[in-house]
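In case you want the letters, here they are:
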Amino acid sequence: MFSKILVKLIDQAIVPAILLLAVRFVSVILISRQFQINIDMTAAGFNLPAESYLLVNPYPLLFMVCTLTVGLLYILLKSFIFHESHITPALTARVFSLRLSTFIQDSFDLYSQGTIWLSYLYLLALVSGTMVVFNLVYLWVFIVAVVLSVIATVFFVLDIENELDLRQSDTTYSQEEVVLDFGGRNE
Amino acid sequence: MNKLPRLFVDGLLTVMLFALLILPISSIGLLSSKQPDVVKTEVLGQESVRPASTPTPTAQKSDLYLPYPFNNASAPIESSPSVTPTPVVNR
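This write-up is about the structure you can find in this document.

Cut-offs and rules
Residues numbered from 1 in each chain as written. Chains lettered and ligands numbered in written order. Predicted model: local features only at pLDDT ≥ 70, side-chain atom pairs only at ≥ 80, totals over all residues. Helix = DSSP H or I, 4+ residues; strand = E, 2+ residues; numbered from the N terminus. Contact = placed C-beta atoms within 7 Å. Nonpolar A, V, L, I, M, F, W, Y, C, P; charged D, E, K, R; others polar. Core = buried A, V, L, I, M, F, W, Y, C linked by C-beta atoms within 7 Å. Buried ≥ 20, exposed ≤ 12 C-beta atoms within 10 Å, placed from the backbone. Pairing = 2+ DSSP bridges. Axes fitted to C-alpha atoms, helices over the stretch in contact; angles between N-to-C directions.

1. Side note on unusual backbone geometry
Positive phi outside glycine occurs at Arg-99 of chain A, with the angle close to 60°. You can see Arg-99 of chain A is positioned in the loop between α4 (89–97) and α5 (107–133).

2. Focus on the interface of chain A and chain B
The accessible area lost on association of the parts is a frequent measure of interface size. Across the contact, 28 residues belong to chain A and 21 residues belong to chain B. Only α1 (4–34), β2 (45–49) and α5 of chain A provide two or more residues apiece to the side of chain A that touches chain B. Ranked by residue count, the leading element in the side of chain A that touches chain B is α1 of chain A, at 11 residues. Across the side of chain A that touches chain B, the residue classes tally to 22 nonpolar, five polar and one charged.

3. Some remarks on the nonpolar core
If you look at the biggest cluster of nonpolar residues, it comprises 35 residues, and the most contacted ones within it are Leu-68, Tyr-120, Leu-121 and Leu-124 of chain A. Listed by contribution, the elements that provide at least two residues to this core are α1, β2, α3 (58–80), α5 and α6 (139–186) of chain A together with α1 (3–26) of chain B. Considering each element in turn, this core owes the most residues, nine residues, to α5 of chain A. If we skip the residues at most four places from it in the chain, Tyr-120 of chain A touches Pro-16, Leu-20 and Leu-68 of chain A together with Leu-21 of chain B.

4. Describing the environment of Ala-152 of chain A
Residue and element names in this part refer to chain A. Among the secondary structure elements, Ala-152 is positioned in helix α6. For Ala-152, a count of 22 C-beta atoms within 10 Å translates into the label buried. As for Ala-152 and Tyr-53, which are separated by 99 residues in sequence, their C-alpha atoms are 30 Å apart. In this view, Ala-152 contacts Thr-69, Leu-72, Leu-118 and Leu-121; residues no more than four positions away in its chain are not counted.

5. Considering the environment of Ser-85 of chain A
Residues and elements named next belong to chain A. Tracing the backbone shows Ser-85 in the loop between α3 and α4. Note: C-alpha distance between Ser-85 and Asn-162 (77 residues apart in sequence) is 10.0 Å. Non-local contacts of Ser-85, meaning those with residues more than four positions away in its chain, are made with Ser-107, Glu-163 and Leu-166.

6. Remarks on the sheet that holds strand β1 (residues 40–42) of chain A
Across the sheet, which stays open at both edges, the three strands sit in the order β1(A)-β2(A)-β1(B) with mixed pairing between neighbours. The strands lining the two open edges of the sheet, one partner per strand, are β1 of chain A together with β1 (31–34) of chain B. Looking at each pair of strands side by side, their axes are set apart by 35° on average, direction ignored.

7. Structural notes on the environment of Leu-148 of chain A
All names here are of chain A. Tracing the backbone through its elements, the reader meets Leu-148 in helix α6. Owing to 19 C-beta atoms within 10 Å, Leu-148 belongs among the partly exposed residues under this scheme. On a C-alpha basis, the gap between Leu-148 and Tyr-122 in space is 9.7 Å, while along the polypeptide they are 26 residues apart. Ignoring any residue separated from it by four or fewer positions in sequence, one finds Leu-148 in contact with Val-65, Thr-69 and Leu-121.

8. Brief notes about the pairing of β2 of chain A
Here β1 of chain A runs beside β2 of chain A; their pairing, made up of three bridges, is antiparallel. Considered in β2 of chain A, the bridge of Asp-40 of chain A is made with Asn-47 of chain A. Turn length for the β1 of chain A-β2 of chain A hairpin, with the two strands adjacent in sequence and antiparallel, is two residues. Bridging between β2 of chain A and β1 of chain B involves four bridges; their strand directions are parallel. From the neighbouring strand, Pro-49 of chain A faces β1 of chain B, where its bridge partner is Lys-34 of chain B.

What follows is the structure in structure tokens.
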């Protein structure tokens, strides 16, 4: 009844959403303490003096971008090395011997995870760009977000291309096999 | 017949997905700046401090003294220089 892809995407979006919220809250508190700025916690959020807003605001944003990048690196590592479709037999044996078989995932899991984490990174880059326009964030935060999202996208696309090539080569092999079978029957 | 409930559920799931995507990003808006406790103003070299909660004082018309020509008063009457007509000589 439900769309399998949508349910999977929602399932994958919960963890990064909670993680990003936690990173935001913790980093705001830590940075305001680091700069010795009095920060008020109200129901509406954090209140800090107007003159120190630009001092505090960029760093939590940067921490969020870094968290997303680390998460994407983990997903890319899994998709390049531990991908179910092209993991080497030796590595498979080693992973199973270490009881880390959860590292080995299929394309559906990996690409849904990657899509969600990349979407978060794009949204953060977009928001930081908007904040740069209104002088609420330093320009270099926006540049870091854009560069990291471009790099992550390139590696993600490379892995998808590898996967498509693998599937295509599998298809051609099976076609050849069918042809050979057909020839065998004729003889 | 079966497509409508599925469409509804898919739409609901899409909205949930977008909400989940926007939720952590919207947390950026939780950080806001507050007005300073006191406001320092300097008028004609005199510094004054007032609480930010009080509104900005507006000057009454009677408090102000503006020199001419900003005070809408009529121009001071000055004695106009006497002009003596020059005689026209017909040749």
